[in-house]
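Observations on the three-dimensional arrangement
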There are 2 protein chains.
Amino acid sequence: MHDRRHCVSADDVRAAAARIAGAVFLTPAFGSRALSDAAGRPAAVKCESMQRTGSFKIRGASNAVRLLDAAAAAHGVVTHSSGNHALALATAAANRGIPAHVVMPMNASPIKRAAVEAAGAAVHACGNTAAERAAACDEIARRTGAFVVPPYDHPWTIAGQGTVGLEIAGQLPDAGTVVVPVGGGGLIGGIAVALRDACPGVRIVGAEPELAGDAAESFRSGRIAPQHPPVSIADGLRAPLGELTFPLLRDLVDDVVTVTEGQIVAAMRFAFEEMRVVIEPSAAVGIAALLADRCGGDRARPAAVVLCGGNVDLASLPWCTHG
Amino acid sequence: MHDRRHCVSADDVRAAAARIAGAVFLTPAFGSRALSDAAGRPAAVKCESMQRTGSFKIRGASNAVRLLDAAAAAHGVVTHSSGNHALALATAAANRGIPAHVVMPMNASPIKRAAVEAAGAAVHACGNTAAERAAACDEIARRTGAFVVPPYDHPWTIAGQGTVGLEIAGQLPDAGTVVVPVGGGGLIGGIAVALRDACPGVRIVGAEPELAGDAAESFRSGRIAPQHPPVSIADGLRAPLGELTFPLLRDLVDDVVTVTEGQIVAAMRFAFEEMRVVIEPSAAVGIAALLADRCGGDRARPAAVVLCGGNVDLASLPWCTHG
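Every value quoted in this text rests on a predicted model; they were computed, and no experiment measured them.

**Quick notes on the environment of His2 of chain A**
Locating His2 of chain A in the fold gives a position in the segment before helix 1 (10-20). The spacing of His2 of chain A and Asn84 of chain A is 82 residues in sequence and 30 Å in space, taken between C-alpha atoms.

**Brief notes about the interface of chain A and chain B**
The interface is formed by 19 residues belonging to chain A together with 20 residues belonging to chain B. For the side of chain A that touches chain B, the secondary structure elements donating two or more residues are helix 2 (33-39) and helix 12 (261-275) of chain A. Across the side of chain A that touches chain B, the residue classes break down as 13 nonpolar, 4 polar and 2 charged.

**Structural notes on helix 1 of chain A**
Because an α-helix completes one turn every 3.6 residues, residues spaced three or four positions apart along the sequence face the same direction. Residues and elements named next belong to chain A. Looking only at helix 1, the buried set comprises Asp12, Val13, Ala16, Ala17 and Ile20. One side of helix 1 holds all its buried residues, which, seen down the axis, span an arc of 145°. Along helix 1, exposed side chains directed more than 90 degrees from the buried face belong to Asp11 and Ala18. Of the surrounding elements, those touching the buried residues of helix 1 are helix 3 (57-67), helix 8 (155-171) and helix 9 (186-198).

**Looking at the relation of the copies chain A and chain B**
Between the two copies, chain A and chain B, the superposition gives an RMSD of 0.0 Å; the rotation angle is 180° and the shift along the axis is 0.0 Å. Expressed as an axis order, the relation between the two copies is that of a two-fold axis. For chain A, the residue whose C-alpha comes nearest the rotation axis is Val277 of chain A, separated from it by 2.3 Å.

**Side note on the domain arrangement of chain A**
Residue and element names in this part refer to chain A. Parsing chain A into structural domains produces domain 1 (10-56 + 154-316) and domain 2 (58-148). The partner domain 2 presents 15 residues to the 25 residues of domain 1 that form the contact. Contributing elements (two or more residues each) for the side of domain 1 that touches domain 2: helix 1 and helix 8. No other element matches the 8 residues that helix 8 contributes to the side of domain 1 that touches domain 2. Split into classes, the residues belonging to the side of domain 1 that touches domain 2 amount to 9 nonpolar, 13 polar and 3 charged.

**Focus: the nonpolar core**
Residues Leu89 and Val179 of chain A together with Leu89 and Val179 of chain B are the most contacted members of the largest nonpolar core, which totals 224 residues. The contact partners of Val179 of chain A, leaving out residues within four places of it in the chain, are Val205, Ala207, Gly286, Ala289, Leu290, Cys295, Ala303, Ala304, Val305 and Val306 of chain A.

**Description of the pairing of strand 8 (residues 203-209) of chain B**
Residue and element names in this part refer to chain B. Counting buried positions over the 7 residues of strand 8 gives 7, a clear majority of the element. Burial along strand 8 is two-sided: Arg203, Val205, Ala207 and Pro209 facing one way and Ile204, Gly206 and Glu208 facing the other are all buried. Relative to strand 8, strand 7 (residues 177-181) runs parallel, the two sharing 5 bridges. Residue pairing across strands places Val180 opposite Gly206, the latter belonging to strand 8.

**Brief notes about the sheet that holds strand 8 (residues 203-209) of chain A**
All names here are of chain A. Strand order in the open sheet formed by 6 strands is 1-2-10-7-8-9, with mixed pairing between adjacent strands. Taken across any chain shown, the strands that pair with only one partner, and hence form the sheet edges, are strand 1 (29-31) and strand 9 (255-259). Here the strands of the sheet are splayed against their neighbours by 25° on average, with no regard to which way each runs. As paired strands, strand 2 (residues 43-47) and strand 10 (residues 303-307) are joined by 5 bridges and run parallel to one another. Each residue of the ladder has a partner; that of Ala43, found in strand 10, is Ala303.

**Description of the environment of Asp69 of chain B**
Residues and elements named next belong to chain B. On the secondary structure map, Asp69 appears in the loop between helix 3 (57-67) and helix 4 (70-74). You can call Asp69 exposed: it has 7 C-beta atoms within 10 Å. A sequence separation of 234 residues divides Asp69 from Ala303, and the C-alpha atoms of the two residues are 40 Å apart.

**Points about the sheet that holds strand 10 (residues 303-307) of chain B**
All names here are of chain B. The 6 strands lie next to each other as 1-2-10-7-8-9, forming an open sheet whose pairing is mixed. The outermost strands of the open sheet, each flanked by one partner alone, are strand 1 (29-31) and strand 9 (255-259). Geometrically, the sheet is characterised by an average inter-axis angle of 25° between neighbouring strands, direction not taken into account. Taken strand by strand, helix 10 (residues 214-221) contacts strand 8 and strand 9, and its axis lies near 145° from that of strand 9.

About the cut-offs
Residues take numbers from 1 onward in each chain, read along the sequence in its written order. A letter from A marks each chain and a number from 1 marks each ligand, given out in the order of writing. Local features in this predicted model are restricted to residues whose pLDDT is 70 or higher, and side-chain atom pairs enter the listing and the counts only when it is 80 or higher, whereas totals over whole chains, interfaces and linings include all residues. Only DSSP runs of H or I reaching four residues or more are called helices, and only runs of E reaching two or more are called strands; each is numbered from the N terminus. Here, residues touch in the contact sense if the C-beta positions derived from the backbone fall within 7 Å of one another. Three residue categories are used. Nonpolar comprises Ala, Val, Leu, Ile, Met, Phe, Trp, Tyr, Cys and Pro, charged comprises Asp, Glu, Lys and Arg, and polar comprises the others, including Gly. Between the buried cut of 20 or more and the exposed cut of 12 or fewer other C-beta atoms within 10 Å of a residue's own C-beta lies the partly exposed class, and all C-beta atoms are placed from the backbone. The arc in question is the one spanned by the directions pointing from the helix axis to the C-beta atoms. Copies overlap after least-squares fitting; the atoms used are the C-alpha atoms of residues with pLDDT of at least 70 in both. For the domains described, the bounds stem from an automatic or database domain assignment. In this usage, the nonpolar core is the set of buried Ala, Val, Leu, Ile, Met, Phe, Trp, Tyr and Cys residues whose C-beta atoms join them within 7 Å. Should DSSP find at least two bridges between two strands, the strands are taken to pair. Here, axes are lines fitted to C-alpha atoms. For helices the fit covers the stretch in contact, and angles between N-to-C directions go from 0 to 180 degrees.

Here is the structure:
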């Protein structure tokens, strides 16, 4: 029963899972007693932080790269991103042996740039505004024939990210609530498509920084709210919703809740010190929502929190003060 | 078939598992694709780093505390330790509502002292030598009637630690090799008793810092070698073997291998950056042994590495240089 307002069906997600199986890890999912005790309800985590390239983004990128026919693939792929999608696309392209181009703003971190280059991509500097990034990306696509793989607002990307939902259904079949950090909406959109099919009654909650609360606003108003200024520590969640991801959020998700920057840092510290997992601030947002008791649902059944990424600078953790 | 030279039987370990079930976590065990790829063989981890109090020590401590009869328990428990056993015993005693005394050298870290006090134990300062610590512990035992719970060389402690082995047999039934860091030998001794019974053919390998390589020496010579100077970064593994743990190591373990300090730090960094788990240096020793291809065994079957603890100062990780 594919809703025609939606760009992706559960069949698309299942096909993506088969397509990317050799390119991504089946990441661990397990109950966390430390999180359960602190949240006062049974809790589990799905560790996309342990995914190849350190985030779920490799799923959508691999799905897109593998869906290209041979002629298109030969021209390579291109995207603009300074974060996890860039590394994921570079890795997925290298895996297929095709060129990858990544447009990065000149103010991007040298560490991230080096990682993308080490994965084999050509990095192209651009201006720092969204318009400049998009223009540079389009120019490279025109010049090289490379296929543009957007970080979230594309059916192939969304279907790939949705494979996380299929795995949750298989690994944590008792989960009553699933908590997913929301940036551009590709991850929660894909997961919602998969879970509404596999476990129709499960509660799906988006978690967002208050300072990047556009998805919560969009969910309540029924219209895509503009992006907030990019100030949240959860740098993976600053993007606005897309035209394709918003209908999935609107129709398939039960709630979108926000947490403060202080709650995010405290949750990240809790993850390191009590749960003993390495996560990035974006992944802490889901933990923060659960610890703040914002997620609702059946408290007798496990709440599964998607730890979306683990790419963090361990030399400057946000609760450490040096010097 | 209990070997009479051994202080603990598989039945003792099974009884301990039932006894401590409510006091400890069933910790996650899962395959790590990052570790498998780097080691060139399938690998899994058993995450005692995620255990209550941050290490496996709560198992032995809880078993001992729960084995005391009511009259003995009323006098409390005492130990000397500046590390994970101190926090574990304090927590196990608080769990039963009995007093705990911990003797700590005056040069112990204030953070560790504060954690033990926060768990409800009375901390008693002593001199820094092993003899001074033991004397202070005995004096408190005499004065208060508290029961001495040694960190490893006691049948109750060893049986408790052995429950890790039962869980490995249940959670990772395909494991062909199990790698266990060795300090005083309580963990590997207990695990070996459990696994020789549950999975007789499994290969059991101890992993030790070269700078604290007394267990490897003892294993080869057939006699307990003296403790090395306590200089390894793996501070949980500096203890000498005990009279009770050595026969278990000698008779039930297949090999004991050593790794360098550089390999330990590199493995710890690998755990944080690639496996995305928070571990202490002692737990990195097992990873280092696998990455150095020192563990042997059937390379087609998973090697399970016991991540024995996660108590590490995140503000001064050994590969960070500040200042």
